Amino acid sequence: MGKEPPRQLVELLERLDLASAEQVARVERRAARLARDLPLFESVWIDALAQTRILTAYQAAELNAGRGHQLALGPYVLGQPLGSWGYAAAYRARPRGSRESVQLLVAEVSPPLAAGTLAQLQALADHREPLRQLPLNPVEQVGLEGQRLWAVSAYHAGRTALEGMVSNGRFPPEVVLEIARQMLVGLETLERVGL
């Protein structure tokens, strides 16, 4: 025993607010068991952190692939993917220094489109207050890092309509009417605030 974790890994984990040096040190025995007779490579420490649920499987995979720096986006750290919306990838994320979950959408945008798209998203975020009491999930905060445009809204656990359709096929008419009714309430409010 007594093997120290790689310093650059500990520094990255602390910078991303994923794990403290103390948390990494506490998984030393598990890391040694995982490594057996092999050296305690960085990937072994990452796997030990994932097994103790300090890291999510997604975070561990990104760190092992050398893309750990991409887990940070603005003041947020990505936790796990929630799927793709076609134009953006959705993630469960959290603000650094907090355990509160948010939904973070990330889209790659080309430089000519970035400023205009960011301005449009900021206008949407500026109208969030009147939209909070409805079946809408308004954009709370937006930002741009390089070519990654991001938007944050509240995280709501549960199945999406798409997941329900994949599992059960078409919705019955009464469910479609309820979805349409809720969408109409939201659309009426969006129109009233000029969106």
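A short tour of the structure in this document, coming up. Keep in mind that this is a model prediction, so the values were computed, not measured.

What counts as what
Residues numbered from 1 in each chain as written. Predicted model: local features only at pLDDT ≥ 70, side-chain atom pairs only at ≥ 80, totals over all residues. Heavy atoms only, no water. Helix = DSSP H or I, 4+ residues; strand = E, 2+ residues; numbered from the N terminus. Rg over C-alpha atoms; globule rule 2.2 N^0.38 Å. Buried < 20%, exposed > 50% of the residue type's maximum accessible area, 1.4 Å probe, protein only. Contact = heavy atoms within 4.5 Å. Areas by Shrake-Rupley, 256 points an atom, 1.4 Å probe, with all protein chains shown as cover. Lys, Arg positive; Asp, Glu negative; His and termini not counted. Charge placed at Lys NZ, Arg CZ, Asp CG, Glu CD. Salt bridge = Lys/Arg side-chain N within 4 Å of Asp/Glu carboxyl O. Polar contact = N/O pair within 3.5 Å; in protein donor to acceptor, adjacent residues only side chain to side chain. Phe/Tyr/Trp six-rings, centres within 6.5 Å; stacked < 30°, edge-to-face > 60°. Patch = residues over 30% accessible without salt bridge, like charges linked within 9 Å, V, L, I, M, F, W, Y side chains within 5 Å. Pairing = 2+ DSSP bridges. Axes fitted to C-alpha atoms, helices over the stretch in contact; angles between N-to-C directions.

### Re the overall build of the chain
Part 1 of the reasoning: Along the chain, the regular secondary structure elements total 8 helices and 6 strands.
Part 2 of the reasoning: Its helices and strands taken in sequence order, the chain reads α-α-α-α-α-β-β-β-β-α-β-β-α-α from the N to the C terminus.
Part 3 of the reasoning: The C-alpha radius of gyration computed for the chain amounts to 21 Å, which surpasses the reference 16 Å derived for 195 residues by more than 25%, pointing to a less compact arrangement than a globule.
Part 4 of the reasoning: Taken over the C-alpha atoms alone, the chain extends approximately 65 × 40 × 30 Å along its principal axes.
Part 5 of the reasoning: Across the 195 residues in the chain, those meeting the buried criterion constitute 33%.
Part 6 of the reasoning: Across the chain, every contact between residues at least 6 apart in sequence was considered, and the portion connecting residues at least 24 apart equals 46%.
Part 7 of the reasoning: With an accessible surface of roughly 12100 Å², the chain has 55% of that area assigned to carbon and sulfur atoms.
Part 8 of the reasoning: In the chain, the 21 positive side-chain charges and the 21 negative ones have mean positions that sit 5 Å from each other.

### Quick notes on the side chain of Arg148
Part 1 of the reasoning: In this fold, Arg148 is placed in strand S6 (residues 148-154).
Part 2 of the reasoning: For the buried residue Arg148, which engages in no salt bridge, the nearest side chain bearing the opposite charge is Glu145, 4.8 Å off.
Part 3 of the reasoning: From its side chain, Arg148 meets the backbone oxygen of Ala72 in a polar contact 3.2 Å long.
Part 4 of the reasoning: Setting aside anything within four residues of it in sequence, one finds Arg148 in contact with Gln70, Ala72, Leu73, Val106, Ala107, Glu108 and Gly143.

### Overview of the packing of aromatic side chains
Part 1 of the reasoning: The full count for this structure, using the stated rule, is 3 aromatic pairs.
Part 2 of the reasoning: When the ring of Trp85 is compared with that of Tyr87, the centres are 6.1 Å apart and the planes differ by 85°; the resulting orientation is edge-to-face.
Part 3 of the reasoning: Judged by its relative accessible area of 43%, Trp85 is partly exposed.
Part 4 of the reasoning: Tyr87 sits in the exposed class, given a relative accessible area of 56%.

### Structural notes on the pattern of salt bridges
Side chains carrying opposite charge are able to pair once their charged atoms draw close together.
Part 1 of the reasoning: For the coordinates displayed, the defined rule picks out 7 salt bridges.
Part 2 of the reasoning: As a salt-bridge pair, Glu11 and Arg7 come within 3.4 Å of each other at their nearest N and O atoms. One end of the pair is Glu11 and the other is Arg7, both in helix H1 (residues 7-15) and 4 residues apart, which spans about a single turn.
Part 3 of the reasoning: Judged by its relative accessible area of 40%, Glu11 is partly exposed.
Part 4 of the reasoning: Looking at Arg7, the relative accessible area reads 48%, which means it is partly exposed.
Part 5 of the reasoning: Salt-bridge contacts for Glu178 lead to Arg181; the nearest nitrogen and oxygen are separated by 2.8 Å.

### A look at a nonpolar patch on the surface
Part 1 of the reasoning: A cluster of nonpolar side chains, contributed by Val175, Ile179, Met183 and Leu187, occupies part of the molecular surface with about 330 Å² of accessible area.
Part 2 of the reasoning: Assignment of secondary structure puts Val175 in helix H8 (residues 173-192).
Part 3 of the reasoning: Note on Val175: relative accessible area 31%, which makes it partly exposed.

### Regarding the sheet that holds strand S2 (residues 76-84)
Part 1 of the reasoning: Pairing within the open sheet is antiparallel, and its 6 strands lie in the order S1-S2-S3-S4-S6-S5. Looking at strand neighbours, the two that pair on one side only are strand S1 (72-73) and strand S5 (141-145), the edges of this open sheet.
Part 2 of the reasoning: Taken together, the 7 bridges between S2 and strand S3 (residues 89-95) define a ladder with antiparallel strand orientation. Residue pairing for S3: Ser84 is matched across the bridge by Ala89.
Part 3 of the reasoning: Running at roughly 105° to S2, helix H5 (residues 57-64) makes contact with S2 and S3 of the sheet.

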